[in-house]
Amino acid sequence: KIIIVDNDASDNCRDLVNEKWPDVNIFVNEENAGFAKANNIALSKSCGKYILFLNPDTLLTTCTITECFRVFEKYAQCGALGVRMLDGNGKFLSESKRAIPSASNTFYKLSGLASIFPQSKIFNNYALGNLPEDKLQQAPVLSGAFMMVKKKVLEKTGGFDESYFMYGEDIDLSYRISRAGYENMYAGHLPIIHFKGESTNKNQPEYAKRFYGAMDIFVSKYYSGSTGAIKKIFLRAGIFSASLFYKIKILLSNSHAVKKNKTSEESAFILTGDAEGMEEAHALLLKNNIQENRISKTQTIATMNDQSHTAIIFCLGTNTLEEVISVMQQNNHAAYYFHYTGSKSIIGSSDKNIAGNFYTS
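Residues numbered from 1 in each chain as written. Predicted model: local features only at pLDDT ≥ 70, side-chain atom pairs only at ≥ 80, totals over all residues. Heavy atoms only, no water.

1. A short note on the overall build of the protein chain
Right, so step 1: In terms of regular secondary structure, the protein chain is built from eleven helices and 16 strands.
Right, so step 2: Out of the 361 residues in the protein chain, the part that is buried amounts to 46%.
Right, so step 3: For the protein chain, the proportion of contacts with a sequence separation of at least 24, taken over those separated by at least 6, is 73%.
Right, so step 4: When the accessible area of the protein chain is evaluated, it comes to approximately 18,200 Å², of which 53% is carbon and sulfur surface. (Helix = DSSP H or I, 4+ residues; strand = E, 2+ residues; numbered from the N terminus. Buried < 20%, exposed > 50% of the residue type's maximum accessible area, 1.4 Å probe, protein only. Contact = heavy atoms within 4.5 Å. Areas by Shrake-Rupley, 256 points an atom, 1.4 Å probe, with all protein chains shown as cover.)

2. Description of the pattern of salt bridges
Right, so step 1: Scanning all chains against the criterion turns up nine salt bridges.
Right, so step 2: In this structure, the salt-bridge partner of lysine 49 is glutamate 73, at a minimum N-O distance of 3.2 Å. Of this pair, lysine 49 sits in the loop between helix 2 (35-44) and strand 3 (50-54) while glutamate 73 sits in helix 3 (residues 64-74), and the two are 24 residues apart along the sequence. Neither lysine 49 nor glutamate 73 differs from the other in exposure class; each is exposed.
Right, so step 3: Across the salt bridge formed by aspartate 161 and lysine 221, the nearest N and O atoms sit 2.7 Å from each other. (Salt bridge = Lys/Arg side-chain N within 4 Å of Asp/Glu carboxyl O.)

3. Some words on unusual backbone geometry
Right, so step 1: Notably, asparagine 289 is not glycine yet its phi reads approximately 65°, a positive angle.
Right, so step 2: When you line up the elements, asparagine 289 lands in the loop between helix 10 (275-287) and strand 12 (295-298).
Right, so step 3: Look at asparagine 289 and you get exposed, because its relative accessible area is 68%.

Laid out in structure tokens, this is it:
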């Protein structure tokens, strides 16, 4: 059963879903109710043994869901499962596996020290940086972008806490699942694409306000008593300090921002995939005023050389997403796009902090 909650989207997605996939259940909110509330609406309408919370800006491989089932069946204590998420350029997204926020790991994460020492057990404890990204293992916190949970577990814990509008609700639910006696597991051997940047521009003050506000909700909810009060002071101090660092970083980056558009007018577009998909993508590029001499085609996926001004469009048909991910991880210097036959669109995102680009009819 597939459920979509339209959180007051500005496009015509509800009409498109009704037209092309009439068996899909779609519920429309008249206003943006936030991530937690929207997912809880879907949860209330759901059934079955497992529930998958999934962001719309994701691409799954052909075996992702069935492999998740296998993990659940093998590990009885597994209450929730996450996967290895890659951005639109094939780079690993560290929020795929995380630790519960503490004063130290929150400060190291939000001040940027975790990025400087990505494999440190101390400085990057928040993202479990010392643990391999491609192995099946326990992880205290999973990402709400892809979180599969046993229905019986959600019946004990409840869904997402609607006190969070966006950010933090996946940390909260992961924590409640652990407290209920279940294990959160991270399937590093199962990669998916998560474009990111489609909901929020991280270089805007609103992002900082919501992110740090979510951390404060978590602190208020779970740190109580005299010992908790001390922990709360240090955690909030870490949040405040890191928030200050972050805002300064935003001001500096915005004042010196020079956007690098990999699909500039000098870009060459390489199409790869089945003949029908390439013809569709070719026509879409021409409709979007891309000159013919900037378009080339190949029917086989091969290792691409470093071409910083190249946009590679994967026409997914004969090529599987598993094969595509392998190519992306070998070379992340190109701008990658995806076209599904019949979709009338080409989508891609080269920067996880801002919305991606698309070509459509």
